[in-house]
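Chains, contacts and geometry: an overview
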Amino acid sequence: MEPWTLAQVDHWLNWVHDRHDEFDYRYIYFAYLAARAPDPSDDEITLTVEADGGVVLQAGNDDRGLRLANDDERTQFVDHLQRRYCRDRYPSMREWEEAQHADFLEEAQWRFG
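Our subject in this report is the structure included herewith.

Calculation notes
- Residues numbered from 1 in each chain as written.
- Predicted model: local features only at pLDDT ≥ 70, side-chain atom pairs only at ≥ 80, totals over all residues.
- Heavy atoms only, no water.
- Helix = DSSP H or I, 4+ residues; strand = E, 2+ residues; numbered from the N terminus.
- Rg over C-alpha atoms; globule rule 2.2 N^0.38 Å.
- Buried < 20%, exposed > 50% of the residue type's maximum accessible area, 1.4 Å probe, protein only.
- Core = buried A, V, L, I, M, F, W, Y, C linked by side-chain atoms within 4.5 Å.
- Contact = heavy atoms within 4.5 Å.
- Phe/Tyr/Trp six-rings, centres within 6.5 Å; stacked < 30°, edge-to-face > 60°.
- Pairing = 2+ DSSP bridges.

Attention shifts here to the overall build of the protein chain. Scanning the protein chain from terminus to terminus reveals four helices and four strands. In the protein chain, the succession of helices and strands from N to C terminus is α-α-β-β-β-β-α-α. Taking 113 residues into account, the globule formula puts the C-alpha radius of gyration at 13 Å, and the protein chain, at 14 Å, falls close to it. If one aligns the C-alpha atoms of the protein chain with their principal axes, the spans along those axes are about 50 × 30 × 25 Å. The buried share of the protein chain, reckoned over its 113 residues, is 35%.

Tracing the sequence through the fold places Tyr29 in helix H2 (residues 24-36). For Tyr29, a relative accessible area of 13% corresponds to the buried category. In sequence terms Tyr29 and Val49 are 20 residues apart; their C-alpha atoms lie 19 Å from each other.

With 28 residues, the main nonpolar core has Trp12, Leu57, Phe77, Met93 and Trp96 as its most contacted residues. Elements represented by at least two residues in this core include exactly helix H1 (3-20), H2, strand S3 (55-58), strand S4 (66-68), helix H3 (71-86) and helix H4 (93-112). Examining the composition of this core, we find that eight residues originate from one element, H2, more than from any other. Discounting chain neighbours no more than four positions away, the residues touching Trp12 are Ala31, Ile45, Leu57, Ala59, Asp63, Gly65, Leu66 and Phe77.

This part takes up the packing of aromatic side chains. Applying the stated criterion across every chain, the model contains six aromatic pairs. Both rings, one in Phe23 and one in Phe104, keep their centres 5.2 Å apart while their planes meet at 50 degrees; by these two values the pair is tilted. With a gap of 81 residues between them, Phe23 in the loop between H1 and H2 and Phe104 in helix H4 connect regions that are remote in the sequence. Here Phe23 falls in the partly exposed class, since its relative accessible area comes to 36%.

Turning our attention to the pairing of S3. In this structure, strand S2 (residues 46-49) lies alongside S3, joined through four bridges in antiparallel fashion. In the sheet register, Thr48 faces S3, and the bridge partner there is Val56. Hairpin connection from S2 to S3: five residues lie between these consecutive antiparallel strands, with Gly53 at a positive phi of about 95 degrees.

What follows is the structure, given as structure tokens:
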């Protein structure tokens, strides 16, 4: 991925973390799933397939979105998410999401009993 594109991706991911706070992991995981199989969707992540084959990922109505121009950028985005979030700690994004969800539940239990 070109350095400027990677910077855009990281800027968008940081925005997702800031905007969606304790549910950020769900948006990140759904972005990962959407980029892997680019079918139009409207869950936590809205994925719009453009006429030129690019896709736009949006994390909520107030998100301007992240545009991935082609299949190569989608693949690089997925790889980047795996490197950024899984590192050597988690073997897959699914296991990363499950660990984040477990942390969320543990914190909710601690906060609210």
